[in-house]
Amino acid sequence: MVLSSLKRPSSCPSSIKLPTKRKRQSPSSIIERRPLRSELVAVAGGSKISVARVLQKLQQSGMLVDDDLGSYNERHKLTTAAHAHADFDTPYGPVVQQMPLQRNDGRYYHWEFVHPLAFIWYLSLKCVQFGDMMEAALSRCGGELSLLLYGDDITPGNVLRHDDGRKVFAFYYAFLEWPDWILHKSDAWLFFGALRTSIIADLRGGTSAVFAQIIKVMFAKIPFNFRSGIFYNFKGAEVIYRSSFRGIIADEKGLKEAFSIKGASGLKVCPSCQNIFNFDHKEGDVAVHRSIYRLGVDSIDRRAWIPHSNESIFECHNRLSTMVEEGLYRRMGKFKKLQIETGVNYNPFGLLGDPSLRTVIKPVDHYIRDWQHTYCSNGLASSHLAAALHAICKCPILKRAEINLDTVTEYCSHFVVPRAHGKINKYWFDVKYLANDKVKHFASDVLHMVPCLLAFMVDVIKPYEVLLKDIEALDALNKVLSGFLHAGRVTAEKRDELQGLVDRHRSLFRMLYGIDFVKIKFHHAGHIPQDLWKIGHALSCFPLERKHRSIKSKIVYVFRNVEMTTTKDFVNHVIQQFSENRFQFKEYWLENPKPLVSRDGCEALTYNRLASPDDRPVSVEDCLHVSLHAHTPVGEMHRDDVVLVLHEDEVIVGAVDKFFQGDGEIIVQLTSYEVVRHGVWTHWDTTAPQRLFLPLRLIRANLKWARRNGSTICVILPPAIKLDQCR
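In what follows, the accompanying structure is described. These figures come from a predicted structure and were not determined experimentally.

The rules behind each value
- Here the residue index of a chain counts from 1 through its sequence in written order.
- Thresholds applied to this predicted model are a pLDDT of at least 70 for local features of residues and 80 or more for the giving and counting of side-chain atom pairs; totals over whole chains, interfaces and linings are not thresholded and use all residues.
- Side-chain numbers here rest on the full set of heavy atoms in the structure, without hydrogens or water.
- In DSSP terms, a helix is any run of H or I states spanning at least four residues, a strand is any run of E spanning at least two, and both are numbered starting from the N terminus.
- Burial here depends on accessible area, computed with a 1.4 Å probe over protein chains only, as a share of the maximum for the residue type. Under 20% is buried, over 50% is exposed, and the range in between is partly exposed.
- Values of accessible area rely on a 1.4 Å probe in the Shrake-Rupley scheme; residue burial ignores everything except the protein chains shown.
- We call two strands paired when DSSP finds no fewer than two bridges between them.
- Angles here are taken between N-to-C directions and fall from 0 to 180 degrees, while the axes themselves are lines fitted to C-alpha atoms, restricted in helices to the stretch in contact.
- Orientation is classified from the angle alone, with under 35 degrees giving roughly parallel, over 145 giving roughly antiparallel, 65 to 115 giving roughly perpendicular, and any other angle giving oblique.
- Any two residues whose heavy atoms approach within 4.5 Å at even a single point are treated as in contact.
- Polar here means any residue other than Ala, Val, Leu, Ile, Met, Phe, Trp, Tyr, Cys and Pro, which are nonpolar, and Asp, Glu, Lys and Arg, which are charged; Gly is therefore polar.
- Directions from the helix axis toward the C-beta atoms define the arc.
- Here a polar contact means two N or O atoms within 3.5 Å. Within protein one must be a hydrogen donor candidate and the other an acceptor candidate, and residues neighboring in sequence count only if both atoms are side-chain atoms.
- Only rings of Phe, Tyr and Trp enter the pairing, Trp through its six-membered ring, and a pair is recorded when the two centres are within 6.5 Å. The plane angle decides the type: under 30 degrees is stacked, over 60 is edge-to-face, the rest tilted.
- Put simply, a charge is over a ring when the Lys NZ or the Arg CZ is close to the ring centre, within 6 Å, and near the line of the ring normal, within 35 degrees.

## Examining the overall build of the protein
- Helix and strand content of the protein: 22 helices and 24 strands.
- The buried share of the protein, reckoned over its 727 residues, is 53%.
- Accessible area of the protein: about 34,900 Å², with a carbon and sulfur share of 52%.

Written out as structure tokens, the structure is:
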């Protein structure tokens, strides 16, 4: 072979096209595409690599007019755009910063978290409505807000995975001066960060140390913290505000880990009471158990409970610290015994052991129990349902009448729940989901099961004149849950009312079912009204656990740099949601409203059908809009939902037809019915319906109902709403 044959030809064949050099985009044009990429990442249900592949495929097919979108490094550009909000530099530093957490071996793990001071400043800059809400909250409270912190672990992906490698602990917070209906929205709670539990287990001080560092960032870090005063943006100006710490709300396990106490597994189970002991109620009525200095968790007399104070809890930890300083902790028997007797674990890095937090943390006042977990998540309501179902199965009279769990299932299958709550589960009362001391269902199911079972017992069992006390006790439980759901703001009067309902139910439950169904949560239930009064709202973990879905949607595709990627992606998600007005700062609003036009489709209708031609709308915004889906403080409402309306001292029950919006007000069109018989199970005649147009704000509840016959429907009315005053 001749060497000249190996030379590269000077020109290519005509059939081969030379690659054209892509024109380099200017920096300004690249910046202009960042908001679009940021929005794509926020609204996409998949990972960034899947979004990049879709854009690249569209670019290769010639479907995109923009040559830059779908380029070979699209994945990197999407990441840069999505993290732009997190990297924004505020007067308090970047929105996402690093927190050094010390491991057991002395090394540090740098945790990426959303700095609350920087995030609130940036969020009020990007979203005018958020700044308006902050201004309204400050005007109501006089310049100082109250912050509530929440923490819970979540498992993205496969919840049945045998190890906890993917489980994370998520932290949220909110200000209690925000409107009550805002606090019941999951998206209103601000995200602080998420940390894998496998990392927490390797930290000095564990979960309590993480809570301590979070509270330090918020209230103790120099020079800027909530107590010293910081700024937010309002109408182009920076407004100063302050905040105090109000407490931590979580389930029993979360509170136990946050305050580093013994919890349900220890002898002293309640940080609010000095003389409540675990296990005593299972050992019989011996003399020592009747002593005022030692009561079991089944005690129903709150006057006999000796309360802890914030100082006495700190003193328990000080006694443990003294033993360590004197070297007595080497006598592990005495050291462990003292921890058991006090119910406090020695943790010098946690909330109780950190001396810099003594002016911020009040362990008794800041221990906020969640009524959802206390009652509905393997709690008191779950145990009560199991006890009532066992009583039905064991009653000889009902056995002869062939009334059993299948009868309950068939009866409750006719119920219709609000569309937003799904459908009746045919396995609610199945024997496979009935344990000895609980029903194995989710908290939302338990909330529906209580009134449904009560209606069955009143309608079917009461005529046999059996289980009358069981019916009375279940009715008391229904009133408690209804009171929590419809309480709104909790004043001192509302606290006393709820306390009376809780005490009555606990007394009936203890008298009927004894110690077999008593759990630790039976005692904690007695503290719920007081805890709700501390924060001023009947808050539960329902909206916060709904927020877990958003976190899971971001973390499920992340396997490297989990904390950093998840946090920055979620900041982008929140900023896009707020700035693009996908989060509504409205108490009442319609989902996807459409302009209402005449039947021929040629004329837009106004709010006032009799308006003169000169007053007819000139734009779509001036038209009357219609929708079949509305959002209210009492929940989402759809067409055909049966609702309760209180109007001019009159109780109205009707089915929703449509929602209209115009002239600044939302009107609901109802097909109302006439009442036939009052009671727990109220009957309404549907043979002569009336069409009503009422303001949406008059709706007080979304109801469960069932059709009795062709002309009558039966509706369960919430007992917490005072209907007697309206008739």
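Now that the structure has been shown, we can carry on.
## A few points about the sheet that holds strand 16 (residues 629-632)
- Across the sheet, which stays open at both edges, the three strands sit in the order 13-16-17 with antiparallel pairing between neighbours. Edge positions in the sheet fall to strand 13 (589-590) and strand 17 (635-638), since each of these pairs with one other strand and no more.
- Summarising the sheet, strand 13 and strand 16 pair through two bridges and their orientation is antiparallel. Residue Leu 590 lies in a different strand from strand 16, and its bridge partner there is Ala 630.

## Remarks on the packing of helix 15 (residues 405-412) against helix 16 (residues 443-461)
- Between helix 15 and helix 16, the shortest axis-to-axis distance is 10 Å and the interhelical angle comes to 110°. Classified by the angle between their axes, helix 15 and helix 16 sit roughly perpendicular to one another. Along the contact surface, helix 15 presents Thr 407, Val 408, Tyr 411 and Cys 412, while helix 16 presents Cys 452, Leu 453, Ala 455, Phe 456, Asp 459 and Val 460.
- When its residues are assigned to classes, the contact of helix 15 with helix 16 shows eight nonpolar, one polar and one charged.

## Description of unusual backbone geometry
- Going from Ile 222 to Pro 223, the amide bond is cis rather than trans, its omega being 5°.
- In the Ramachandran plot, Asn 378 falls in the positive-phi region, its phi being about 55° despite a non-glycine side chain.
- Structurally, the position occupied by Asn 378 is in the loop between helix 12 (371-376) and helix 13 (380-394).
- Among the residues examined, Asn 378 registers a relative accessible area of 37% and is labelled partly exposed.
- One non-glycine residue with positive phi stands out, namely Glu 465, at about 60°.
- Relative to the assigned elements, Glu 465 resides in the loop between helix 16 and helix 17 (468-485).
- Judged by relative accessible area, Glu 465 falls into the exposed class, the value being 66%.

## Structural notes on helix 9 (residues 252-259)
- Within helix 9 the residues assigned to the buried category are Glu 252, Gly 254, Leu 255, Ala 258 and Phe 259. Burial along helix 9 is one-sided: seen end-on, the buried residues are contained in an arc of 165°.
- Along its buried surface, helix 9 packs onto helix 8 (206-219), strand 9 (237-250), strand 12 (367-369) and helix 19 (520-524).
- Ser 260 occupies a position one or two residues after helix 9 and carries a positive phi of about 55°.

## Observations regarding the side chain of Ser 299
- Inspection of the secondary structure puts Ser 299 in the loop between strand 11 (295-296) and helix 10 (310-325).
- The class of Ser 299 is buried, set by a relative accessible area of 12%.
- A polar side-chain atom of Ser 299 sits 3.1 Å from a polar atom in the side chain of Trp 305.
- Once you skip the residues sitting within four places of it in the chain, Ser 299 turns out to touch Trp 305, Arg 506 and Phe 522.

## Details of the pairing of strand 6 (residues 168-175)
- Extensive coverage of strand 6 is indicated by the burial of eight of its eight residues.
- Where strand 5 (residues 144-154) lies against strand 6, eight bridges are found, and the strand directions are antiparallel. Bridge pairing in strand 6 links Leu 147 to Phe 175.
- Note: strand 6 against strand 7 (residues 190-196), six bridges, orientation antiparallel. Looking at the pairing, Val 168 lines up with Arg 196 of strand 7.

## What about the environment of His 486?
- By the secondary structure assignment, His 486 is in the loop between helix 17 and helix 18 (492-513).
- The spatial distance from the C-alpha of His 486 to the C-alpha of Pro 718 is 8.6 Å, given a sequence separation of 232 residues.
- What His 486 contacts, discounting residues up to four positions off in sequence, is Arg 700, Ala 701, Pro 718, Ala 720 and Ile 721.

## Notes on the packing of aromatic side chains
- For the coordinates displayed, the defined rule picks out 36 aromatic pairs.
- The interplanar angle of 40° and the centroid separation of 6.3 Å between the aromatic rings of Trp 111 and Phe 113 together place this pair among those described as tilted. Judged on exposure class, the residue Trp 111 and its partner Phe 113 are both buried.
- Connected via pairs of aromatic rings, a cluster forms that spans Phe 130, Phe 175, Trp 178, Phe 219, Phe 226, Tyr 232, Tyr 241, Phe 245, Phe 578, Phe 583 and Phe 585.
- Directly above the ring of Phe 277 sits Arg 294, whose terminal nitrogen or CZ lies 4.3 Å from the centroid.
- Above the face of the Trp 533 ring, Arg 495 is positioned so that its terminal group lies 4.5 Å from the ring centre.

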